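Here are the chains, one letter per residue:
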Amino acid sequence: MANSITLAKNYVALLDEVYKEAALTSVLDSDPTGMRQGANAHEILIQKLSMDGLADYSRNSGYVKGNVKLEWETVQFNYDRGRMFEVDSMDDEETIKTAFGRLSGEFVRTKVAPEGDAFTFAQLASETGISKVAEGATLSTGQGVMDAITAGAGQMDEDEVPQDQRYLFITPTLHNLIKQMDTTKSREMLDTFAGVIRVPQSRFYTAIDLYDGVDHSGTTGQVNESAGYFVKATAGKDINFMIVHKPAVIKFNKHTASNIITPDANQHSDGYIQKYRKYGLVDAYENKRAGIYLHHKAA
């Protein structure tokens, strides 16, 4: 199948920077210093710290000795996706050397980043033990959105989740309802968050299905998934907003590879080959899941 070259853009050399700019959840990326390599290639070790609380002080015997435990929990990586493209050297030549560059930058911006965001939200929404709205609801007024967010933040307060590093992820539609109120209370509420990030509904679901990139249309009941990407799962619900305390999240990209093979090194054709792979983990600390609050629509 011939490549479709439609956009005009110079080659983007630093694809990681493109990803960070386009990915709405990059603010949740974890500090890798709290992690280390597991015994197997598909595992990572995460730090877990626990300690005893206060005890009575005795004027005769002094302090009661307490225990501090630093454990390394083994977690398996849960995201491994990739794709390879080929652009004929003449296609690239005839588009003034921009075809291959457009492919790299646009692929990360329009495919990699949205899928990474959708996977992150769906994974966090599926974690057991997080806080969430009792029943799904459609929010249609600014005051209704404010009340729902206030309830979520209040639940976090009751669960003693620190107020710093809380991020509000919200659909543009609901965010606009709040902005239209333009009141002191609405502005003050938004200012309580470390960041307010607008997330298009197209990547904001409680569950998604990742297409495997293979054409299954010849199988009964299956579809052509050759284009890849993702869709909302049958049981998935539209998310209205999520409040996420960053330290509650484990989000780590172990391996991101973007390899370029030039035509002279391509043994099969006279074309440039772009290979991209993203391998990592999205999870939540078992003892910090109260730091995630989910508000979604009804099924």
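Look up a bit, the structure's there.
In short, a report on the structure. (Residues numbered from 1 in each chain as written. Predicted model: local features only at pLDDT ≥ 70, side-chain atom pairs only at ≥ 80, totals over all residues. Heavy atoms only, no water.)

Bringing the overall build of the protein into the picture now. Looking only at helices and strands, the protein has six helices and 13 strands in total. Counting across all 299 residues of the protein, residues that qualify as buried make up 42%. Restricting to contacts in the protein with at least 6 residues of sequence separation, those with at least 24 account for 77%. Of the roughly 16,900 Å² that the protein leaves accessible, carbon and sulfur atoms contribute 49%. (Helix = DSSP H or I, 4+ residues; strand = E, 2+ residues; numbered from the N terminus. Buried < 20%, exposed > 50% of the residue type's maximum accessible area, 1.4 Å probe, protein only. Contact = heavy atoms within 4.5 Å. Areas by Shrake-Rupley, 256 points an atom, 1.4 Å probe, with all protein chains shown as cover.)

What follows concerns a nonpolar patch on the surface. Side chains of Leu49, Met51, Val68 and Leu70 sit close together on the surface and give an oily, nonpolar patch of about 440 Å² of accessible area. Counting residues per element, the ones that place at least two in the nonpolar patch are strand E2 (43-51) and strand E3 (68-76). In this fold, Leu49 is placed in strand E2. (Patch = residues over 30% accessible without salt bridge, like charges linked within 9 Å, V, L, I, M, F, W, Y side chains within 5 Å. Salt bridge = Lys/Arg side-chain N within 4 Å of Asp/Glu carboxyl O.)

Let's shift gears to the sheet that holds strand E10 (residues 239-245). Spatial ordering of the open sheet is given by E5-E13-E10-E6-E7, a layout of five strands whose pairing is mixed. Strands with a single pairing partner mark the edges of an open sheet, and in this sheet they are strand E5 (131-132) and strand E7 (195-198). Here E5 runs beside strand E13 (residues 292-296); their pairing, made up of two bridges, is parallel. Directly across from Ser131, in E13, lies its bridge partner Tyr293. (Pairing = 2+ DSSP bridges.)

Our next topic: helix H6 (residues 184-191). Taken together, the buried positions of H6 are Ser186, Met189 and Leu190. Along the axis of H6, the buried positions cluster into a sector of 95°, meaning they face one direction only. Pointing more than 90 degrees away from the buried face of H6 are the exposed residues Lys185 and Asp191. Lining the buried residues of H6 we find helix H4 (142-158), strand E6 (166-170), helix H5 (172-181) and E7. (Arc of directions from axis to C-beta.)

On to the packing of aromatic side chains. Evaluation of the coordinates by the stated rule reveals eight aromatic pairs. When the centroid spacing of 6.2 Å and the interplanar angle of 25° are considered together, the rings of Phe241 and Tyr293 count as stacked. Here Tyr293 lies in strand E13 and Phe241 lies in strand E10, a separation of 52 residues in the sequence. With relative accessibility at 0%, the residue Phe241 sits in the buried group. Exposure remark for Tyr293: the relative accessible area of 7% places this residue in the buried category. Taken together, the ring pairs connect Phe77, Phe252 and Tyr279 into an aromatic cluster. Directly above the aromatic system of Tyr229 lies the positively charged group of Lys111, at a separation of 4.7 Å from the ring centroid. Residue placement shows Lys288 over the ring face of Tyr285; its charged tip is 5.2 Å from the ring centre. (Phe/Tyr/Trp six-rings, centres within 6.5 Å; stacked < 30°, edge-to-face > 60°. Lys NZ or Arg CZ within 6 Å of the ring centre and 35° of its normal.)

Right, let's get into H5. One full turn of an α-helix is made of 3.6 residues, so residues set three or four places apart face in the same direction. All of the buried residues along H5 are Leu174, His175, Leu177 and Ile178. Buried residues of H5, seen end-on, are gathered within an arc of 155° and therefore sit on one face of the element. Turned more than 90 degrees off the buried face of H5, the exposed positions are Thr173, Lys179 and Gln180. Taken together, the buried residues of H5 touch H4, E6, H6, E7 and E10.

Right, let's talk about the nonpolar core for a bit. Membership of the largest hydrophobic core comes to 27 residues, with the highest contact counts inside it found for Leu124, Phe169, Met242 and Ile292. Listing elements by their share of this core, those giving two or more residues are helix H3 (99-125), E6, E10, strand E12 (271-284) and E13. The greatest single-element share of this core, amounting to six residues, is contributed by H3. When sequence neighbours within four positions are dropped, the list of residues in contact with Met242 reads Phe121, Leu124, Ala125, Tyr167, Leu168, Phe169, Phe204, Ile292, Tyr293 and Leu294. Within the second largest apolar cluster, 20 residues are counted, among which are Val133, Leu177, Ile178 and Phe241. (Core = buried A, V, L, I, M, F, W, Y, C linked by side-chain atoms within 4.5 Å.)

Further remarks concern the packing of H4 against H5. Between H4 and H5, whose axes approach to 8 Å, the crossing angle comes to 110°. If you check the angle between H4 and H5, you find them roughly perpendicular. Listed contacts from H5 to Gly142, Gln143, Val145, Met146 and Ile149 of H4 are Leu174, Leu177, Ile178 and Met181. Taken together, the residues that form the contact of H4 with H5 break down as seven nonpolar, two polar and no charged. (Axes fitted to C-alpha atoms, helices over the stretch in contact; angles between N-to-C directions. Parallel < 35°, antiparallel > 145°, perpendicular 65-115°, else oblique. Nonpolar A, V, L, I, M, F, W, Y, C, P; charged D, E, K, R; others polar.)

Turning our attention to the side chain of Asp238. Here Asp238 shows up in the loop between strand E9 (230-232) and E10. Owing to a relative accessible area of 17%, Asp238 belongs among the buried residues under this scheme. Reaching out from Asp238, the side chain makes a polar contact with the side chain of Lys232 at a distance of 3.1 Å. Among all residues touching Asp238, those that are not within four sequence positions of it are Gln201, Phe204, Tyr205, Lys232, His296 and Lys297. (Polar contact = N/O pair within 3.5 Å; in protein donor to acceptor, adjacent residues only side chain to side chain.)

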